[in-house]
Amino acid sequence: MINKQLTQLAAAIGVASMMTACGGGSSSSGGTTVAAGGKGFVVFPAGESAGAVLVRSATPRAALFAEYLYRTDGTPAGTTKIVDGSNNGFEVGRFGGGYMADLDGKIYYAGKDSSGDVELWVTDGTGAGTERVADLYTGGSGQPHNMVPVADKLFMNAVVDDASGVGRELVVFDPASGAFEALTSTIDGNPTSSNAPESLTPVEDGLFFYDQDAGDVYFTDGSVAGTLKIATSNDNITNLNSPLSKYPELIGDDDWIGYKGKLLFTGRFNATDAQTRLYEMDQDGNIKEIAFENNGYTVQLDITQNVVTSNGKVYFVADAGANNPDLHIFEYDGSSVVRLTGSEGSRPYNDSLVGTSLGVFMYVEMAGLPPYLLRVDNTNGPAGVTAALRGSGDYSFADVGYMVEANGTVFFSAYTEDAGGSDFGTELWKTDGTQQGTELVKDINDTMAGADSQPFPLTFMYQVPPTVNQGLGSKYLFVANNGSEGFEPWGSDGSEAGTLLLKDISAGSGSSVID
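Residues numbered from 1 in each chain as written. Predicted model: local features only at pLDDT ≥ 70, side-chain atom pairs only at ≥ 80, totals over all residues. Heavy atoms only, no water.

K.L.:
Explain the sheet that holds strand β31 (residues 359-364) here, please?
P.N.:
Strand pairs in the sheet, formed through backbone hydrogen bonds, run parallel or antiparallel to each other. The sheet built from four strands is open, its strands ordered β30-β31-β32-β33 with antiparallel pairing. Pairing within the sheet leaves two strands with one partner each, and these edge strands are β30 (353-356) and β33 (384-385). In this sheet, β31 lies alongside β30 in antiparallel orientation, the contact comprising four bridges. Paired with T356 across the bridge in β31 is G359. (Pairing = 2+ DSSP bridges. Helix = DSSP H or I, 4+ residues; strand = E, 2+ residues; numbered from the N terminus.)

K.L.:
Help me understand the packing of aromatic side chains, please; the structure alone is not making it clear to me.
P.N.:
For any pair of aromatic rings, the description rests on two quantities: the centre-to-centre distance and the angle between the ring planes. Scanning the entire structure with this criterion turns up 21 aromatic pairs. Between F90 and W121 the ring centres are 6.2 Å apart and the planes differ by 65°, which places this aromatic pair in the edge-to-face class. Here W121 lies in strand β9 (residues 118-123) and F90 lies in the loop between β5 (80-81) and β6 (91-92), a separation of 31 residues in the sequence. Each member of the pair, F90 as well as W121, carries the same accessibility label: buried. For the ring pair F292 and F330, a centre distance of 5.4 Å and an interplane angle of 70° mean the geometry is edge-to-face. With F292 in strand β24 (residues 292-294) and F330 in strand β28 (residues 327-332), this residue pair connects regions lying 38 residues apart in the sequence. Across the pair, exposure class does not vary: F292 and F330 are buried alike. Three or more aromatic residues joined by ring pairs make a cluster, and in this case those are Y402, F456, F460 and F487. Directly above the ring of Y68 sits K81, whose terminal nitrogen or CZ lies 4.5 Å from the centroid. (Phe/Tyr/Trp six-rings, centres within 6.5 Å; stacked < 30°, edge-to-face > 60°. Buried < 20%, exposed > 50% of the residue type's maximum accessible area, 1.4 Å probe, protein only. Lys NZ or Arg CZ within 6 Å of the ring centre and 35° of its normal.)

K.L.:
When you look at the pattern of salt bridges in this model, what are you seeing that I'm missing?
P.N.:
For side chains bearing opposite charge, pairing can occur when the charged atoms are close. Within the structure shown, the criterion is met by 10 salt bridges. The shortest N-O distance in the salt bridge between E289 and R277 comes to 4.0 Å. Taken together, the residues span a long stretch of sequence, with E289 in strand β23 (residues 287-289) and R277 in strand β22 (residues 277-281) at a distance of 12 residues. Taking relative accessible area as the criterion, E289 reaches 27% and is therefore assigned partly exposed. For R277, a relative accessible area of 5% puts it in the buried group. (Salt bridge = Lys/Arg side-chain N within 4 Å of Asp/Glu carboxyl O.)

K.L.:
For this particular structure, what's the right way to read the side chain of R168?
P.N.:
Mapped onto the elements, R168 comes out in strand β13 (residues 165-174). Within the buried core, R168 has no salt-bridge partner, and the shortest N-O distance to an opposite charge, that of E198, equals 7.3 Å. (Lys, Arg positive; Asp, Glu negative; His and termini not counted.)

K.L.:
How should I be thinking about the confidence of the model for the protein in this particular structure?
P.N.:
Parts of the prediction with low pLDDT should not have their coordinates interpreted in detail. On average, residues of the protein score 81 in pLDDT, and 79% of them are at 70 or above. This stretch, residues 1-38, has a pLDDT under 50; its non-local contacts, to residues over four places away or in other chains, come to 115 contacts. Scored below 50 in pLDDT, residues 236-242 makes eight contacts in the model with residues more than four places away or belonging to other chains. (pLDDT = per-residue confidence, 0-100. Contact = heavy atoms within 4.5 Å.)

K.L.:
Could you clarify how one ought to interpret the pairing of strand β12 (residues 153-162) in this entry?
P.N.:
The side chains of a regular strand alternate, first on one face of the sheet and then on the other. Burial analysis of β12 places seven of its 10 residues in the buried class, which makes it a mostly covered element. Where strand β11 (residues 145-150) meets β12, four bridges bridge the pair, whose relative direction is antiparallel. Paired with V150 across the two strands is K153, which belongs to β12. Between β11 and the antiparallel strand that follows it, β12, lie two residues; A151 among them carries a positive phi value of about 50°. As paired strands, β12 and β13 are joined by nine bridges and run antiparallel to one another. Within the sheet, the bridge partner assigned to A158 lies in β13 and is E169.

K.L.:
What is the right way to read the environment of S335 from this model?
P.N.:
Of note, S335 is situated in the loop between β28 and β29 (337-339). By relative accessible area, which is 57% here, S335 ends up exposed. In sequence terms S335 and I290 are 45 residues apart; their C-alpha atoms lie 8.9 Å from each other. Within the structure, S335 has its side chain in polar contact with the side chain of D333 (distance 2.9 Å). (Polar contact = N/O pair within 3.5 Å; in protein donor to acceptor, adjacent residues only side chain to side chain.)

In C-alpha cells, the structure reads:
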C-alpha cells in the first residue's frame, strides 16, 4: 500500500515540480505559480470535533466532520483559523480529490455556503479575502474537484447547468473576469450527458484530459472552440478513414504526465499484448511509442509502474527484453532513451520512482541486504546511479513512502529501528542525497515502543500540490500523530528541535486532519 501512496504523490509532484507556496506578490507562467517575495502560507482544511478518533486511508476520502479553512506559515503562532468579521469560519466541502488549487498567490477551493451547496471559493489567507467566486450549478452544488491551474486560468471537474442541460463537465474559470464556462457540454453530441473529465494534465498552453466513459482523449486551450477530441480507443474506430488517432487499449489514465507540451502515458497496444508501453501524444493526437535503440536495434520497453520527471527529463523503470532482462531505470529527454542501470549490482528491484530537484529516488528491498534508497543523480552532468543511501547514525529505515521535497531536502516517512533493533514505528526522515544526510528527523510518537506518528503531507488535498520551498523557506508541512493529540498539522525545518506541532485543532486525542 505504501508504495502505491508514494507513486501517486510522485505523479502529482512530477506534474508540479516547479510549484511554490503562496506568497505576497506572485506571478504565473504556464500554470506555474512563483513566489516573488513576502511571507508564504499554505491553506488547509481541518475539523474541530473533539474526541473523534479517525482511521486514515490510503486515498483522500469524504470528511467525517465539518472542516474549516486554516492557514499556516509553518510556525505555531502563524497557524490560525480563517474567520470573517463575525468570527465565523469558512466551511470546506469535499467531493473527490484535488479540491484545492494554488493560482497567482490565492487558493481556490470547494467551499460550502449557508445553504449547504458546495461551490467555487477563493481565499488570500484572510477573512476579508475569502469569498465565493462562482455559482457553478445554480440549482444545487457544483462540487468542484480535480482543480488544475494552467496559464492564469483554473480548470476543474464540476457540475454545471447551462443551455445544454445539467452535467459534470470540464469547467474553466478566469480569475481576471470572474467568468466560468463549461468546455465539454456538447463535445460528444449529447448535450445532457455528464462527461466527468478525468486525468486533467497541464502543459504550457493547455490541458489534456480523459472522457473515461466514452474512452476519448481531448486537448483544450481553454476555449470551447479549442476543446477537441484528439484520440480514441482502438475499439471505437470502425471507419478506417477516421482522422482520429487510436491510442492503445488498457490506457493507464491515472499515470499521465505533461512533458514539453505533449502527453506521456502508459498502456497496452491491444488486448493480446501483455506488455505495458510508454507513449507520447502531441496536441493533434499524433502518437508514438517510446522505445530504446540499442546497437542498431529497436527494443520495446515493458513499463512496470510509474513515470516521473526530474530536472527536465523523464525517468521510468522497464524490462528491456530478452537481451536485457530484469528491471532497469531509463531516462528520456524527448528524443532518445538512455538505460542508466546496466550491471547486476545496480539493477533496481523495486519500481516506484520519485522525481525531485536532487534527482530521482527509489526505495529498494533486496534479499539479504538492508533496505536502501537508490538515487539517480542528474544534478550536474549526465545522470548516474549513486551509492545506496541507508540510515546514518544509530537508525535504519524500511517501507519508505510520501517523499516530498522542501528546498533541497527530501522528507519521507519510514519504518524506523535503532541499532539495537528497537522498533520506533513509522516516523519522519530526510535526505539531501548523501549518506550522512539521510537520517531520522524526529521520533514524534515516543509514547511506547513501536508507537509511530505516520506522517504524511499536509497538502494532499491539492490536485497540484505546492512544494514548500520559496514562500516558507525549507519548512516541510505534514500531518502526524504524536500519540496524545491525534493527527494534527506539523512543521519541520529538518532538525529535531525545529519539528513542531503547529496547532492542536481538535483538542485532546481527536484528529483534525484526515486524508
